[in-house]
Amino acid sequence: MSRRFQRRLALIGLFGALWAGSATAQLFNLDARNTKVPLEIQADDGIEWRREEQTFIARGNAEAVQGEVSVKADMLTAVYRQAANGRNEIMRLEAVGKVRIRSAGDSAEGDKGVYDLDQGLLIMTGRLLVLTTPSDRITARDSLEYWDKRLIAVARGNAQAARGDNRLAADVLTAHLRPEGEKAAGKSAIKRIDAKGNVLVSTPREILRGSEGVYDLDSETARITGGVKITRGGSQMNGDHATVDMRTGVS
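Rules used in this analysis
Residues numbered from 1 in each chain as written. Predicted model: local features only at pLDDT ≥ 70, side-chain atom pairs only at ≥ 80, totals over all residues. Heavy atoms only, no water. Core = buried A, V, L, I, M, F, W, Y, C linked by side-chain atoms within 4.5 Å. Buried < 20%, exposed > 50% of the residue type's maximum accessible area, 1.4 Å probe, protein only. Contact = heavy atoms within 4.5 Å. Pairing = 2+ DSSP bridges. Helix = DSSP H or I, 4+ residues; strand = E, 2+ residues; numbered from the N terminus. Phe/Tyr/Trp six-rings, centres within 6.5 Å; stacked < 30°, edge-to-face > 60°. Lys NZ or Arg CZ within 6 Å of the ring centre and 35° of its normal.

Trainee: Please give an account of the nonpolar core that cites residues and values.
Mentor: Judged by nonpolar contacts, the single largest core of 52 residues is most densely connected at Met124, Ile138, Leu144, Leu168, Leu173 and Ile193. Not counting chain neighbours up to four residues away, the residues in contact with Leu168 comprise Ala159, Gln160, Ala161, Leu173, Ile193, Ala195, Val199, Leu200, Val201 and Tyr215.

The following block contains the structure:
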């Protein structure tokens, strides 16, 4: 099956009709309910429709594009059902192998991604898990979660957030995202990051350790609590809590 015919299948509605009615993802600016924007599917090895299993499968360098958002993987699977209005709608999307999700300035990468449309939840697993915005980069060992309706992203397992020379690391990092109406020029899509477990803040001047932390990206300050240790050169200070200005590196 040629790419041209695969693209035509998507445009006439086999995928486009299924996609309608799903949730809006703020981080990747995906308005899947906007049926005026066609969803195009391409795959080197063709698209398979399994009617009895209610799935569509695109294999071989598969790519789904709608507006500014694209999802690429070795294989894409859409699981659908019949909605109350009689139309078919996607209930779950699965991407396997070299998964890359892109939008204007934001991206996520991993080996596998599963998006549950009822929960508005995207979970990415595998090696080299990365979530990137124009100003921040978050990595994780175990999983990356994006909760569409709650506007949070969770990085689990040796999670790290980096901005320039500054780094925040913990067992779990939870990034709180701005609603679409609060986004402004010069502001990150992330407004706050909560850190829990083995928290480490690294700046060019010093290293801070503690059990929990909160990083406010607007003020660029981080507050660390719980058995805090501040190391600068050969000296160390201990305390219950500390605040560091990430712009100046002063604690």
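Trainee: Account for the pairing of strand β8 (residues 107–116), naming residues and giving values.
Mentor: Taken together, the nine bridges between strand β7 (residues 88–102) and β8 define a ladder with antiparallel strand orientation. Directly across from Arg92, in β8, lies its bridge partner Asp116. Hairpin connection of β7 to β8: four residues between the antiparallel strands, including Gly105 at a positive phi of 90 degrees. Direction of pairing for β8 relative to strand β10 (residues 129–132): antiparallel, over a ladder of three bridges. Counted as the bridge partner of Ser107 is Thr132 from β10. Inspection of the sheet shows β8 paired to strand β9 (residues 121–125) by five bridges, in the antiparallel sense. By the bridge assignment, Tyr115 is partnered in β9 with Leu122. Once β8 ends, the chain turns through four residues before running back antiparallel as β9, passing Gly120 with a positive phi of about 65 degrees.

Trainee: Hey, could you go over the pairing of strand β16 (residues 207–216) for me, with residue numbers and the actual values?
Mentor: As defined by bridge partners, strand β15 (residues 190–202) adjoins β16 across nine bridges and the pair is classed as antiparallel. Counted as the bridge partner of Asp194 is Val214 from β16. Pairing between β16 and strand β17 (residues 221–232): eight bridges, direction antiparallel. Across the sheet, Arg209 pairs through a bridge with Lys229, a residue of β17. Adjacent in sequence and paired antiparallel, β16 and β17 are bridged by four residues, among which Glu220 carries a positive phi angle near 55 degrees.

Trainee: Please set out the environment of Ile138 residue by residue, giving values where relevant.
Mentor: Of note, Ile138 is situated in strand β11 (residues 137–140). Taking relative accessible area as the criterion, Ile138 reaches 5% and is therefore assigned buried. Each C-alpha atom of the pair Ile138 and Leu168 lies 9.3 Å from the other, and the pair is 30 residues apart in sequence. Filtering out sequence-adjacent residues up to four positions away, Ile138 remains in contact with Leu129, Val130, Leu131, Leu144, Ala155, Gln160, Ala161, Ala175 and Ile190.

Trainee: Can you tell me about the packing of aromatic side chains, naming the residues and giving the values?
Mentor: Following the criterion strictly, the structure yields two aromatic pairs and no others. Measuring from centroid to centroid gives 5.3 Å for Trp49 and Phe56, while their planes differ by 20 degrees, and the two rings are stacked. Given the relative accessible area of 3%, Phe56 is considered buried. The rings of Trp49, Phe56 and Tyr80 are connected pair by pair, giving a single aromatic cluster. For Arg51, the ring lying beneath its charged end belongs to Trp49, and the centroid distance is 4.4 Å.

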